[in-house]
Amino acid sequence: MKLGSFQIEGRAALAPMAGITDASFRQLCVDFGAGYVVTEMVSAQGLTYKNYKTNQLMKLSDTERPAAIQLFGDEPDYLARGAEIAMNFSPDAIDINMGCPAPKVCGTSGRGHGSGSALMKDPELCGRIVAAVKAAVDVPVTVKIRKGWDKNSVNAVEVAQICEAAGADAIAVHGRTREQMYQPSADWEIITAVKQAVKIPVIGNGDVTDAKSAAKMLEQTGCDMVMIGRAALGNPWIFREIHAYLTTGVLLPPPTLNERLLVMLRHVRAMCEDKGEDRAMREARKHAGWYLKGLPNAASFRREAGQLTVFHDIELLTQRILSSAAGGASHETVI
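About the cut-offs
- Residues numbered from 1 in each chain as written.
- Predicted model: local features only at pLDDT ≥ 70, side-chain atom pairs only at ≥ 80, totals over all residues.
- Heavy atoms only, no water.
- Helix = DSSP H or I, 4+ residues; strand = E, 2+ residues; numbered from the N terminus.
- Phe/Tyr/Trp six-rings, centres within 6.5 Å; stacked < 30°, edge-to-face > 60°.
- Lys NZ or Arg CZ within 6 Å of the ring centre and 35° of its normal.
- Salt bridge = Lys/Arg side-chain N within 4 Å of Asp/Glu carboxyl O.
- Buried < 20%, exposed > 50% of the residue type's maximum accessible area, 1.4 Å probe, protein only.
- Core = buried A, V, L, I, M, F, W, Y, C linked by side-chain atoms within 4.5 Å.
- Contact = heavy atoms within 4.5 Å.
- Pairing = 2+ DSSP bridges.
- Right-handed = clockwise from strand over helix to strand, strands pointing away.

J.: What exactly am I supposed to notice about unusual backbone geometry here?
T.: Negative phi values dominate among residues other than glycine, just as trans dominates among peptide bonds. Of note, the bond from R65 into P66 is cis; its omega dihedral lies within 30 degrees of zero at 0°. By the element assignment, P66 lies in the loop between helix 3 (52-56) and strand 6 (67-72). Omega for the peptide link from Q183 to P184 comes to -5°, which places this bond in the cis form. Mapped onto the secondary structure, P184 falls in the loop between strand 9 (170-177) and helix 8 (188-197). One non-glycine residue, S90, lies in positive phi territory at about 55°.

Below you can see the structure in the form of structure tokens.
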């Protein structure tokens, strides 16, 4: 997929997920074949106030590219200024969040300013935001939207066309309304409709859970790429599997227990190096739970994962898992 002046290799991108798609996870997914990654969403208003934690979200390494920084907000001027500041981190693109359903972002909880998917209630504002950001930066500007706000306002096609007219270089579409959050099944027909209505690349998102569903979405909707979110949690191999299936038709076997645990340790170790052990291990608890999902005695091991405090804890947990898998006998370590 061509985005501005650069070519994205591969057909699967890592979706931005708050509290998840940090530098360590993005790098891991790129290593397993993600063709494009997007940071956790960053508050444009927070950027203008030089918030340190906000700046930390935008660190990009040369080995995780192409990568976009995603901004959220509801005021064109703030988003334009935020995009200018984000350019200090040399992103390959700026992505505008018009799809987050979280109440604190949408303003439905009494907090927030109507950002994220709430912007879709005002298509004209969506266009003004894209135009302001496009004028502020010299990299491609992309937008992530949903099907609409609710069943009575399914307007993804309208919003996509307005964003395209305002200068957007690509559109990612999640096939659910904000009202639906992440259930029931995603509507791929709306992705098809958006693809047919615009000339810029379209990235499909929603219910791509494996290589076969990725191929099915690409074929059914005609979209240029698929975007993987929750299916990548504890499963960065999904990008390797999608690439293999799309290029060779071969369904790769799932990772072995040893590979799964080795990658989990690698991931958590990278988090510790990037954020410090104390913070990283608190955040690693959820990641460890995802890596361990589906294993024998998973419930017990995941409870242990919820108590991790230092890196040595996850090393010991790994050894217990291997010992259990070997029936209590000694087992080659993955550490």
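J.: Any chance you could explain the packing of aromatic side chains here in plain terms?
T.: Each aromatic ring pair is characterised by the separation of its centres together with the angle its planes make. According to the stated counting rule, one finds 2 aromatic pairs in the structure shown. Members of the aromatic cluster, connected to one another through ring pairs, are F32, W237 and Y291. Above the face of the W149 ring, K121 is positioned so that its terminal group lies 4.2 Å from the ring centre. Seen from the ring of Y182, R146 lies directly overhead, with NZ or CZ sitting 5.1 Å from the centre.

J.: Hey, could you run me through the pattern of salt bridges in this one?
T.: Opposite charge on two side chains permits them to pair, given that their charged atoms come into close proximity. Scanning the entire structure with this criterion turns up 17 salt bridges. Between D62 and R65 there is a salt bridge whose closest N-O contact spans 3.7 Å. Among the residues examined, D62 registers a relative accessible area of 68% and is labelled exposed. By relative accessible area, which is 26% here, R65 ends up partly exposed.

J.: What exactly am I supposed to notice about the nonpolar core here?
T.: Taken as a class, soluble globular proteins show a tendency for nonpolar side chains to be buried jointly. Core analysis: the biggest nonpolar cluster contains 66 residues, and M98, I145 and I228 have the highest contact counts within it. Discounting chain neighbours no more than four positions away, the residues touching M98 are G116, S117, L119, M120, C126, I129, V130, V143, K144, I145, R146 and C163. In terms of nonpolar packing, the next biggest core, distinct from the first, is built from 26 residues, L28, L265, L292 and A298 among them.

J.: Would you take a moment to explain the pairing of strand 6 for this structure?
T.: For a regular strand, side chains alternate in direction, first toward one face of the sheet and then toward the other. Within strand 6, 6 of the 6 residues are buried, which leaves the element mostly enclosed by the surrounding structure. By the alternation rule, side chains of strand 6 split into A67, I69 and L71 and A68, Q70 and F72, which are all buried. Inspection of the sheet shows strand 4 (residues 36-38) paired to strand 6 by 2 bridges, in the parallel sense. Within strand 6, the residue paired with V38 across the bridge is A68. Bridge analysis of strand 5 (residues 42-43) against strand 6 gives 2 bridges, and the strand direction is parallel. Each residue of the ladder has a partner; that of S43, found in strand 6, is F72. In this view, the connection linking strand 6 to its parallel neighbour strand 7 (residues 93-98) by way of helix 4 (residues 76-86) has right-handed handedness.

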